[in-house]
Amino acid sequence: WSGLVHTLLFAGIWIPESAAQFEAEASQALQRARAIAPDSGASRAAGALWHVLRHDWLAAEQMLGKIRESGASSAYSAGQPHFELLAGCGRASEAAAFARELLAADPLNPLTSACLQEALTTIGRYEEADVEYRRSLDLAGKPESIEHVAICRAWARGVSSSEIRVYLRRFLDADRVPMPVQ
């Protein structure tokens, strides 16, 4: 149920026209996760992410603190919400350092790689983000997040529209849900 919360909340970002429906379903899944295992790291991480995406930073930090206190702070349970908390509060340098820690523990995680690239891009460290991007191309899993961050980095650098098209095509080709874009 906790994983479903994560999926539904992020689906609302990617498919904003259905965000209200995803949020309602995520709320139900979060209630179910809390009913089954209220003190689990996964359940608390889902709650922390819920608060982060609502910009309720204090509640998110309190939830993440409970995860750390319980000793269940695995990369899965606490990593993503903590990264989102740091990034969402404008603490991109700290988010980058935290993503590096997560990546050291799980170097094959494409989502963590995308988070590091996002934070490095935000603070203007494009070359470091490019190095991580090239490393991440061989990772198993879905490359959509990695390719999305690459497009954002290209825009931030002000590359030509023809180069943007190359990045966009890679993103669309990597997408597991076909988009009707030519």
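Here the structure is shown first, and the text comes after it.
Now for a quick tour of the structure.

Rules and cut-offs
Residue positions are given per chain, counted from 1 along the sequence in the order it is written. In keeping with the model being predicted, local features are shown solely for residues with a pLDDT of at least 70 and side-chain atom pairs are shown and tallied solely at 80 or more, while totals for entire chains, interfaces and linings include all residues. The basis for every side-chain value is the complete set of heavy atoms in the structure, and neither hydrogens nor water enter the calculation. In DSSP terms, a helix is any run of H or I states spanning at least four residues, a strand is any run of E spanning at least two, and both are numbered starting from the N terminus. For the radius of gyration, the atom set is restricted to C-alpha positions; the globular benchmark scales as 2.2 Å times the number of residues to the power 0.38. The buried label applies to any residue whose accessible area, calculated with a 1.4 Å probe on protein chains only, is under 20% of its type's maximum; exposed applies above 50%, and partly exposed to all values in between. Any pair of residues with heavy atoms lying within 4.5 Å of one another is described as a contacting pair. Here the Shrake-Rupley method, with its probe set to 1.4 Å, supplies the accessible areas, and only the displayed protein chains count as covering residues. Here, the term nonpolar core denotes a set of buried Ala, Val, Leu, Ile, Met, Phe, Trp, Tyr and Cys residues that are joined through side-chain atoms within 4.5 Å. Helices are assigned an expected span. That span is 1.5 Å times one less than the residue count. Only the six-membered ring of Trp is used, alongside the rings of Phe and Tyr, when aromatic pairs are assigned; centres must lie within 6.5 Å, and planes under 30 degrees apart are stacked while those over 60 apart are edge-to-face, with the rest tilted. Note on criteria: charge over ring means Lys NZ or Arg CZ within 6 Å of the ring centre, with the direction from the centre no more than 35 degrees off the ring normal.

Here we take up the overall build of the chain. Scanning the chain from N- to C-terminus turns up 10 helices and 0 strands. Written out in order from the N terminus, the α and β elements of the chain read α-α-α-α-α-α-α-α-α-α. Relative to its length of 182 residues, the chain is compact, with a C-alpha radius of gyration of 17 Å against a globular reference of 16 Å. Once the C-alpha set of the chain is aligned to its principal axes, its extents read approximately 50 × 35 × 30 Å. Burial statistics for the chain: of 182 residues in total, 41% are counted as buried. Within the chain, contacts between residues separated by at least 24 positions form 52% of all contacts whose residues are at least 6 apart in sequence. Accessible surface for the chain amounts to roughly 9900 Å². Of this, 56% is attributable to carbon and sulfur atoms.

Now for the nonpolar core. Core analysis: the largest hydrophobic core is formed by 13 residues, its most contacted members being F83, A95, A96, F98, L116, A119 and L120. Residue assignment for this core shows that the elements contributing at least two residues are α5 (75–88), α6 (92–105) and α7 (110–122). Ranked by residues supplied to this core, first place goes to α6 with 6 residues. Among residues more than four places away in sequence, those in contact with F83 are A95, F98, A99, C115, E118 and A119. In this structure, A11, A29, L30 and A46 belong to the second largest nonpolar core, which totals 11 residues.

Attention now goes to helix α1 (residues 2–14). Between its terminal C-alpha atoms α1 stretches 19 Å, which fits the 18 Å expected from 13 residues at 1.5 Å a residue. Residues of α1 that are buried include every one of S2, V5, H6, L8, L9, A11 and G12, and no others.

What follows covers the packing of aromatic side chains. In the structure shown here, the tally under the stated rule is 0 aromatic pairs. Geometry around W50 places R54 over its ring, the cationic atom sitting 3.5 Å from the centre.

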